[in-house]
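Structural features, examined
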Amino acid sequence: MAKNLLIVESPAKAKTIEGYLGKDFIVKSSYGHIRDLIKGDMGIDTNNDFAQTYEVPADKKQVVAELKKLAKEAEMVWLASDEDREGEAISWHLFETLGLKENKTKRIVFHEITKPAILKAIESPRTIDYNLVNAQQARRVLDRLVGFELSPVLWKKVKPSLSAGRVQSVAVRLIVDREREVNKFNAAAAYKITARFSTGKAREFVKAELPQRFEQEAEAEKFVRDCVNAGFKISSLETKPAKRNPAAPFTTSTLQQEASRKLGFPVSRTMQVAQRLYESGKITYMRTDSVNLSETALTAAANEINSAYGQKYHQLRTYKTKSAGAQEAHEAIRPTYFDQHTVTGDSSEQRLYELIWKRAIASQMSEALFEKTTAQIAVSTRSESLVAEGEVMKFDGFLKVYLESSDDEDTEDKDNENILPPLAKGQDLLLNVMNATERFSRPPARYTEASLVKKLEELGIGRPSTYAPTISTIQNRGYVVKEDRDGRSRSFGSIILENGEVTKAIKTEITGAEKSKLFPTDIGEVVNDFLVEHFKGIVDFNFTAKVEKEFDEIAQGLQNWTKMLHAFYTPFHKEVEVTTETADRANGERLLGVDPVSGKNVYAKVGKFGPLVQIGQNDDEEKPKYASLMKSQSVGTVTLEDALEQFRLPFQLENYKDKEVAVGVGRFGPYVKWGETYISIPKNEDPLTVDQSRAIFIIEEKITADAPVAHYEGLPVTKGTGRFGPFIKWNDLFINVPKAYNFDELSDNDIKELIGKKVEKEANRFIQQWTADKIAIENGRWGPFIRFGKDMLKLGKNPATNDKYTPEELAVLSLEEVKKLIVEQVPNAFEPKATKKKAAGTKVAGTKSAAVKAPAKKKAPVKKK
């Protein structure tokens, strides 16, 4: 047995490190955290300095048992989890759970997984940093308190199954506020004057623009007409040098932003790929807010620049970190070896690595040099002058490798490189064409994932480890959606002067189109408004940033973590109690106007099954009418006219091929119903515009798509594209088609191979199956489990052996024994239907009662001494 046990949190990291250490070391993974706060209860005693109750989850018990055994046999245990607060907490949990002793335990940290870094860390071990642990504990406890106390309030006052969180609620507020800014924005129009001149020589052109804009069309037209017989002359010419400096190497947030802009990666994907690159020893630690580079890195970068590009391209640079809390990770994200311009791996890993390499290497390169020329062009008939600007690169410097992207969407009519021909003061120019084009002011840009990360960082909200989880959480919980939206057509005026003639035209353009932007959902807006009204502190930007600073102070040993939590929790808990008792229910209801047919009020609001419009009051004698809003509509912006249109759905069309045809909106969006078949209407198409010919086209498309592409064992094989990508369907089996296959041209052999693999997999899937009862014991990714309808239930331990069931034991379990295991987890699973309905009615009242008593339940631990 090896003398030393070294524990990291990931198997990939363990595999890389194991290759660097000798036979005296065994390297094992804890697979992340090995314990967490107990489920089902808050797990925090607010009366006992926020003491926590932890448990080892069932899926980690085997890992813990193995690590305990190995730790007992080893002479020394090395805790080598990541160097940030989360990593420190993992080491502390390992120390506590495995029952380690201080004299047999060492803590080591490193920010890159290379042999020299690992050996250096082993030479300079330390003990667990309890300041970092306390900072992580404070964050975990505070966020648990907020979630456990706020969520039941939302269940009672807004809608069941909602949740709230400290950082996620602030992120949602930012998106809601921005959406409302966009919706309230009124575009202002003005005319922009541009002109194209020639010098009289072939292919020598000058593009110029009038600095000011005209608010009135008449003013713009007068300027253009004044130029019909005007002369144009260079009145002044200024040439001066300009330079551009490289950006600092990546921090977590700048990597997320740039990978989003340049590679189109969501922030969660960026972090997953960066984690793999780090664990395989290709880049330094990827959760950092520092822009520093070590002396070793600076030397390696200099050597590579001098070797690959020449000495004139190298310039030693040091960068200062702007973030006040940047002290946990001591170096920016960079490649571990600068001489590796690319790496092996999948395309995502290669592209992200190359981005990191380019940014890091460019940060140590010379500035780019330009010559910028500005020419003023006088108009003989006007007092205003047109301006032409050009830029010529004299030395590319860092631009040879890398140029940082921008979130700025206002790139209209911008030329990245407008090169002017040789010009002289007093030189006459010939006008080719002049345009006066009506342009409109733009609303603030909606957030992308990248620009939201940037805003959170600017406000001091969250830290490198929290950006990606926050953005994923607000989308997973249905408060925010990331999607593309089509623009709308808009008319604009155009006045053109060409060949001495002035012409006017009305043109159209598409405006307001969005790509991968974050939009609040209706329920997101309702929850946000409720929290802003009743819990101003939780969603206040300054408060959230102040809490982050306090976590930083705890990490530095400057503040006591329990005192900080007491200061937060006491007023917060009172706020929860008052709101639970006094606040009204929230549904975002808006009065849109009066229905001209019935004379009743029309409302938009969020209902139990989503956003809807309603004609009439709930307390009217006649029951109100309801209609769902379409996905493209919102409670906050829908008009009375659009709301009333929704009551036209569903509507009937003429029969087609002896089957009824109808158009409506259902749970999964707008549809055409043909007989008993529901066919989805394409995204962003208004179902109210679907007429007979369009419905027939949609039906025929469905018929073509469902036609068999082949037959296998006498049964038809069809193709389709679903939520998880392309698939084929055979004998009620849906079979995903991997990218390795050409989906558009699947051969008979391809189909045979795909079906064969699926059939083989399905054969190994079931250990036992009771089809009539919708019960099965299946092999899963993490081990066997019970399938009960759509539910996946744990098997637990065999009471006879007090250990996990073996495959042999599972193969002979009777149906009654399995049903007992199901009832332990779903008590009412096998009650008769009539009883179940009655129970469901009681459950609604019970749910309300539970929501009222939820805070009391949380007080229970407080009373413990």
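The name that an unreviewed UniProt entry assigns to the protein chain is DNA topoisomerase 1, with the source organism given as Pedobacter cryoconitis. Here the protein chain is described in UniProt, under the heading Subunit (unreviewed entry), as follows: "Monomer." Turning to the protein chain, the UniProt record has this under Sequence similarities (unreviewed entry): "Belongs to the type IA topoisomerase family."

Put simply, helix α6 (residues 166–184) and helix α15 (residues 541–555) touch, their axes get as near as 10 Å, and they point 145 degrees apart. Between α6 and α15 lies a crossing of left-handed hand. Contact residues: α6 offers R166, V167, V170, R173, L174 and D177, while α15 offers F541, T544, V547, E548 and F551. When the residues that make up the contact of α6 with α15 are grouped by side-chain class, the tally is six nonpolar, one polar and four charged.

A word on the side chain of Q427. Mapped onto the secondary structure, Q427 falls in the loop between β13 (385–395) and β14 (428–440). From its side chain, Q427 meets the backbone nitrogen of A424 in a polar contact 2.9 Å long.

Here we come to helix α3 (residues 85–97). A rise of 1.5 Å per residue sets the reference length of α3, with its 13 residues, at 18 Å; its end C-alpha atoms lie 18 Å apart and thus fit the reference within 8%. Across the 13 residues of α3, 11 count as buried, placing the element largely inside the fold. Those residues of α3 lying buried are R85, G87, E88, A89, I90, S91, W92, H93, L94, F95 and T97. G99 lies just past α3 and shows a positive phi near 65 degrees.

Burial along strand β2 (residues 25–29) is one-sided: F25, V27 and S29 are buried, while I26 and K28, pointing the other way, are not. As judged from the five bridges shared by strand β1 (residues 4–8) and β2, these two strands associate in the parallel manner. Paired with N4 across the bridge in β2 is F25. The parallel pair β1 and β2, bridged by helix α1 (residues 11–18), forms a crossover whose chirality is right-handed.

A separate point is empty space enclosed by the protein. Enumeration according to the criterion identifies one cavity of 30 Å³ or more in this entry. If you go around the largest cavity, the residues you meet are S163, A164, Q168, S169, V172, Y479, G524, V527, N528 and L531. Of all the secondary-structure elements, those providing two or more residues to the lining of the largest cavity are α6 and α14 (522–534). If one sorts the elements of the lining of the largest cavity by residue count, α14 sits on top with four residues. Broken down by class, the residue content of the lining of the largest cavity amounts to five nonpolar, five polar and no charged.

In this section: the sheet that holds β2. A sheet is described by the order of its strands in space; here four strands give the open sequence β2-β1-β7-β8, paired in parallel fashion. Of all the strands in the sheet, the pair left with one neighbour each is β2 and β8 (105–107). The sheet shows a mean angle of 25 degrees between the axes of neighbouring strands, direction not considered. The pairing of strand β7 (residues 76–79) with β8 spans three bridges and is parallel. The residue of β8 that forms the bridge with W78 is K106. Contacts between helix α2 (residues 61–73) and the sheet are confined to β1, β2 and β7, with β2 contributing the most and set at about 160 degrees to the helix.

Before going further, it helps to examine the nonpolar core. Judged by nonpolar contacts, the single largest core of 144 residues is most densely connected at L6 and L352. Examining the composition of this core, we find that 11 residues originate from one element, helix α5 (residues 130–157), more than from any other. Counting 28 residues, the second largest nonpolar core, distinct from the first, contains I193, A208, A375 and I377.

Summed over the entire model, instances satisfying the criterion amount to 53 salt bridges. The shortest N-O distance in the salt bridge between D36 and R140 comes to 3.1 Å. Of this pair, D36 sits in strand β3 (residues 36–37) while R140 sits in helix α5, and the two are 104 residues apart along the sequence. Overall, the relative accessible area of 24% leaves D36 in the partly exposed class. Among the salt bridges present, the one from R334 reaches E331, with a minimum N-O distance of 2.4 Å. Across this residue pair, the class does not change: R334 and E331 are buried. When salt bridges that share partners are traced, they join E9, K13, D82, D84 and R287 into one network.

What follows deals with the sheet that holds strand β19 (residues 590–594). Read across the sheet, four strands follow the order β19-β20-β21-β22 without closing on themselves; strand pairing throughout is antiparallel. The open sheet has two edge strands, β19 and β22 (625–628), and neither has a second partner. Direction aside, neighbouring strands of the sheet carry axes that sit 25 degrees apart on average.

Here we take up helix α10 (residues 295–308). Helix length check: α10 (14 residues) gives 20 Å between terminal C-alpha atoms against 20 Å at 1.5 Å per residue, within 8%. The positive-phi residue at the C-terminal boundary of α10 is G310, with phi of around 105 degrees.

Quick look at unusual backbone geometry now. Note the cis peptide between L649 and P650, where omega equals -10 degrees. With respect to the helices and strands, the residue P650 is situated in the loop between α17 (640–645) and β23 (651–656). Positive phi values are uncommon outside glycine, yet E713 reaches one of about 50 degrees. Relative to the assigned elements, E713 resides in the loop between β27 (710–712) and β28 (715–722).

For the rest of this paragraph, the subject is the environment of D803. Summarising the element assignment, D803 is placed in strand β36 (residues 803–804). Separated by 516 residues in the primary sequence, D803 and R287 have C-alpha atoms spaced 39 Å apart. Sequence-distant contacts of D803, defined by excluding residues within four places in its chain, comprise K797 and N798.

Right, let's get into the packing of helix α8 (residues 252–263) against helix α11 (residues 347–362). The N-to-C vectors of α8 and α11 enclose an angle of 120 degrees; their axes lie 11 Å apart at closest approach. With respect to each other, α8 and α11 are oriented oblique. As for the relative orientation of α8 and α11, their crossing is right-handed in sense. From α8, T254, L255, E258, A259, K262 and L263 reach across to α11, where they touch R351, L352, L355, I356 and R359. By residue class, the composition of the contact of α8 with α11 is six nonpolar, one polar and four charged.

To describe a pair of aromatic rings, one takes the distance between the centres and the angle between the planes. On inspection of all chains with the given rule, the structure shows 16 aromatic pairs. Centroid distance F50 to Y569: 6.0 Å. Interplanar angle 85 degrees. Geometry classified as edge-to-face. Pair noted here: F50 is in the loop between β4 (44–45) and β5 (51–52) and Y569 is in helix α16 (residues 561–582), with a separation of 519 residues, a long-range link. For the residue pair F50 and Y569, the accessibility class agrees, reading buried in each case. Pairing F788 with F830 gives two aromatic rings, centres 5.3 Å apart and planes at 55 degrees, and the pair type is tilted. A residue pair is termed long-range when its members are at least 10 positions apart, and F788 in strand β33 (residues 783–788) and F830 in the loop between α21 (815–825) and α22 (833–859) qualify at 42 residues. Assessed through its relative accessible area of 35%, F830 is described here as partly exposed. Among the aromatic residues, those joined into a ring-pair cluster are F535, F543, F568 and F572. The lysine or arginine in question, K262, covers the ring of Y402, its NZ or CZ lying 4.9 Å from the ring centre. Taking the ring centre of F830 as reference, the NZ or CZ of K819 above it sits at 5.2 Å.

Our focus in this paragraph is the side chain of E331. Mapped onto the elements, E331 comes out in the loop between α10 and α11. Here R334 takes part through its side chain, which lies 2.4 Å from a polar atom of the side chain of E331. The residues touching E331, leaving out its near neighbours within four places in the chain, are H111, T288, S290, N292, L293, S294 and A297.

Parameters and conventions
- Residues numbered from 1 in each chain as written.
- Predicted model: local features only at pLDDT ≥ 70, side-chain atom pairs only at ≥ 80, totals over all residues.
- Heavy atoms only, no water.
- UniProt positions renumbered as here; feature names shortened; annotations may be inferred.
- Axes fitted to C-alpha atoms, helices over the stretch in contact; angles between N-to-C directions.
- Helix = DSSP H or I, 4+ residues; strand = E, 2+ residues; numbered from the N terminus.
- Left-handed = near helix turned anticlockwise from the far one by under 90°.
- Contact = heavy atoms within 4.5 Å.
- Nonpolar A, V, L, I, M, F, W, Y, C, P; charged D, E, K, R; others polar.
- Polar contact = N/O pair within 3.5 Å; in protein donor to acceptor, adjacent residues only side chain to side chain.
- Expected span 1.5 Å × (residues − 1).
- Buried < 20%, exposed > 50% of the residue type's maximum accessible area, 1.4 Å probe, protein only.
- Pairing = 2+ DSSP bridges.
- Right-handed = clockwise from strand over helix to strand, strands pointing away.
- 1 Å grid on protein atoms, 1.4 Å probe; cavity = no way out; pocket = protein on both sides within 12 Å on 5 of 7 lines; lining within 4 Å.
- Points joined across faces, edges and corners; volume = space filled by probe spheres on them.
- Core = buried A, V, L, I, M, F, W, Y, C linked by side-chain atoms within 4.5 Å.
- Salt bridge = Lys/Arg side-chain N within 4 Å of Asp/Glu carboxyl O.
- Parallel < 35°, antiparallel > 145°, perpendicular 65-115°, else oblique.
- Phe/Tyr/Trp six-rings, centres within 6.5 Å; stacked < 30°, edge-to-face > 60°.
- Lys NZ or Arg CZ within 6 Å of the ring centre and 35° of its normal.

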